[in-house]
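Commentary on secondary and tertiary structure
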Amino acid sequence: MEQQKLPNATLILVFGILSIVTCCCYGIIGLILGVIALVLANKATKLYAENPEAYTGFSNVKTGKILAIIGIVLSALYLIFVIWAITAFGWEAMQDQELMQEKMREMMGQ
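Residues numbered from 1 in each chain as written. Predicted model: local features only at pLDDT ≥ 70, side-chain atom pairs only at ≥ 80, totals over all residues. Heavy atoms only, no water.

Bringing the overall build of the chain into the picture now. Of the regular secondary structure elements, the chain holds five helices and two strands. Overall, the chain shows an N-to-C arrangement of helices and strands of β-α-α-β-α-α-α. For the chain, whose C-alpha radius of gyration is 20 Å, the value lies well above the compact-globule estimate of 13 Å for 110 residues. Overall size of the chain, expressed as C-alpha extent along the three principal axes, is 75 × 15 × 15 Å. (Helix = DSSP H or I, 4+ residues; strand = E, 2+ residues; numbered from the N terminus. Rg over C-alpha atoms; globule rule 2.2 N^0.38 Å.)

Have a look at this one:
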């Protein structure tokens, strides 16, 4: 029997990489891509576990899953930071650099 490539193995790897790269887009895009990659990786892992001799490309799935987990963690941390910054300084200060510097001086007690 000829081995076939695991479905979505390359896509999982690409989404895992993109979840890390896009984690700085307010954390939302990286979070979405990471969750999609993780769901696809779990499906591919389950398929591979049923018949490991029939499939190749499981290393891409494992690597993509690890990258997706890292991307989810980084995106979640960045999203939490953005939410904290907006609540601490306000949306107006986030848009205006001078106002942001003034609010930071107030916060530091200068």
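Within the secondary structure layout, S19 lies in helix α1 (residues 9-21). Among the polar contacts listed, one links the side chain of S19 to the backbone oxygen of G16, at a separation of 2.7 Å. Beyond its immediate sequence surroundings of up to four residues, S19 is in contact with G30, L33, G34, L67, A68, G71 and S75. (Polar contact = N/O pair within 3.5 Å; in protein donor to acceptor, adjacent residues only side chain to side chain. Contact = heavy atoms within 4.5 Å.)

This part is about unusual backbone geometry. A positive phi angle is found at N8, which is not glycine, with a value near 65°. Note on placement: N8 falls in the loop between β1 (4-5) and α1. For N8, a relative accessible area of 39% corresponds to the partly exposed category. With a phi close to 60°, Y26 is a non-glycine residue in the positive phi region. (Buried < 20%, exposed > 50% of the residue type's maximum accessible area, 1.4 Å probe, protein only.)

The next point concerns the environment of I86. By the element assignment, I86 lies in helix α3 (residues 58-89). Here I86 is in contact with W91 and M94, once residues within four sequence places are set aside.

Looking now at the environment of L47. Note on placement: L47 falls in helix α2 (residues 28-50). A relative accessible area of 25% places L47 in the partly exposed class. As a C-alpha pair, L47 and A68 span 21 residues in sequence and 19 Å in three-dimensional space. Aside from chain neighbours lying at most four places away, what touches L47 is L6, P7 and Y55.

Looking now at α1. With 13 residues, α1 extends 19 Å between its outermost C-alpha atoms, agreeing within 8% with the 18 Å of an ideal straight helix rising 1.5 Å per residue. Here α1 has its buried residues at A9, I12, L13, F15, G16 and S19. The arc enclosing the buried residues of α1, seen along the axis, measures out at 165°, which places them on a common side. Those residues of α1 that are buried are in contact with α2 and α3. (Expected span 1.5 Å × (residues − 1). Arc of directions from axis to C-beta.)

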